[in-house]
Amino acid sequence: MAEIKLENVRKTFGKTIATRDVSLTIHDREFMVLLGPSGCGKTTLLRGIAGLDQIDSGRIFIGDQDVTDLPPRKRRIAMVFQSYAVFPHLTVYENIAFGLRMQRMADAEVKKRVGSAAELLHITELLQRYPAQVSGGQRQRVAVARAIAVQAAVLLMDEPLSNLDALLRLEMRAELKRLLKEVNSTVVYVTHDQVEALSLGDRIAVMKEGSILQCDTPLKVYDYPATQFVGSFIGNPPMNFLTGQVKVDGSSTTISAGGSTFKPSPSTQSALRDSASVLLGIRAENIEASATAVDGALSGSVLVVEPLGSHNLLTVKVGAEYVKVNAHADAVFQPDQPIWLKIATDKIRWIDRQGGLALA
């Protein structure tokens, strides 16, 4: 068992609070992604699990063992760093074998494990080369191979793809997803790239200012953000937010936003009744753009048209606010053109304007 349990983990650097009493359970063999902007505490949390940073308070468990005060070598972990951290004076073979040599493993077992890891990463033909003789993407594969060769219970990865160009990152992302299905380790993966998080993780823990705002499956985090920040951070483009005014008339609750009126579902209305002002959250792909007037649609004006091949990304001004819309690639829109936006009402997420928390 390699379940990881964090209990009220707190870490400060001087007066800066890096993690604020974080509690999180990562299940055995789960792929957990820690996602958030720079400085949110995700790498600090990862280094705390690794034992590279001593936490100020709280407890960390791996399996049934309390590892809070154990050094990294006794935690049954392997780590892949943002920088490849390969040894330039060692061959690819010896780089992969390094951790095994430190464990004083027999040469026959070292050869077996290095060969197996190299085969999984498709770098068998590179084993006798030095790091300077291989590409950046291949060096990253070497770093991953070195980590999995140890067959650690926990694999920690700190933004391992951030130094690669876009095409290599796409290729390595698919390779990692394939590879980690074959490795029986619990994986904790740190990234600020929400596309990586959505495509790789079994669950995503979205962090901000040292706290976890939401931890759920990728689709739940994307479709049902717990806060305005999560909605604005996840997705490309991020979720749109329009200011709405709540009107309660007896048992009926309606919301005016963007010049149109919306009637939430009965289960949602009760959550909205105590809010005078809310935010209407909607994804770009859940808005249908029309060049002609549509009943119940928001009216606006096209500001920018960005052709992206598979679709056109429109920036539309609705009143004093701005909305991003995914339009069909063959739909022709021009700047300053009037436009009507039909919103899929079942995809609306209502957010409290004051606290930024999802209401339903």
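Everything below is about the structure printed above this text.
A few points on the structure. (Residues numbered from 1 in each chain as written. Predicted model: local features only at pLDDT ≥ 70, side-chain atom pairs only at ≥ 80, totals over all residues. Heavy atoms only, no water.)

## Some thoughts on the packing of aromatic side chains
Condition: Centre distance within 6.5 Å is the pairing criterion for rings of Phe, Tyr and Trp, where only the six-membered ring of Trp is used; planes under 30 degrees apart are then read as stacked, over 60 as edge-to-face, and the remainder as tilted. Per the convention used, a helix needs a DSSP run of H or I reaching at least four residues, while a strand needs a run of E reaching at least two, with both numbered from the N terminus. Definition used: whenever NZ (Lys) or CZ (Arg) falls within 6 Å of the ring centre and also within 35 degrees of the ring normal, the charge is taken to sit over that ring.
Counted according to the given criterion, the structure contains four aromatic pairs. Residues Phe-87 and Phe-98 carry aromatic rings whose centres are separated by 4.7 Å and whose planes lie at 50 degrees to one another, so their mutual orientation is tilted. Highlighted residues: Phe-87 in the loop between β6 (77-80) and α2 (92-102) and Phe-98 in helix α2, separated in sequence by 11 residues. Its guanidinium or amino end placed over the ring of Tyr-222, Arg-283 lies 4.0 Å from that ring's centre, counting from NZ or CZ.

## A closer look at the environment of Ile-49
Just so we agree on the cut-off: Only protein chains enter the accessibility calculation, which uses a 1.4 Å probe; a residue whose area is less than 20% of its type maximum is buried, one above 50% is exposed, and one in between is partly exposed. Any two residues whose heavy atoms approach within 4.5 Å are treated as being in contact.
Along the polypeptide, Ile-49 turns up in helix α1 (residues 42-50). Exposure remark for Ile-49: the relative accessible area of 1% places this residue in the buried category. Spatially, the C-alpha atom of Ile-49 lies 6.9 Å from that of Ile-60, the residues being 11 residues apart in sequence. Setting aside residues no more than four positions away along its own chain, Ile-49 makes contact with Ile-4, Leu-6, Ile-60, Arg-75 and Leu-156.

## Considering the packing of helix α3 (residues 107-120) against helix α4 (residues 136-149)
What counts, and what does not: Orientation is described by lines fitted to C-alpha atoms, with helices fitted over the stretch in contact, and by angles between N-to-C directions that extend from 0 to 180 degrees. For classification purposes, angles smaller than 35 degrees are called roughly parallel, those larger than 145 roughly antiparallel, those between 65 and 115 roughly perpendicular, and all remaining angles oblique. Take the far helix as your reference; a near helix turned counterclockwise from it by less than a right angle gives a left-handed crossing, and one turned clockwise gives a right-handed crossing. Three categories are distinguished: nonpolar for Ala, Val, Leu, Ile, Met, Phe, Trp, Tyr, Cys and Pro, charged for Asp, Glu, Lys and Arg, and polar for the others, with Gly belonging to the last.
Contact pair α3 / α4: the axes reach a minimum separation of 9 Å and the direction vectors enclose 135 degrees. It follows from the interaxial angle that α3 and α4 lie oblique. Judged by the sense of rotation from one axis to the other, the crossing of α3 with α4 is right-handed. Within the contact between the two elements, α3 uses Arg-113, Ala-117 and Leu-120 and α4 uses Ala-145, Ile-148 and Ala-149. For the contact of α3 with α4, the per-class residue count stands at five nonpolar, no polar and one charged.

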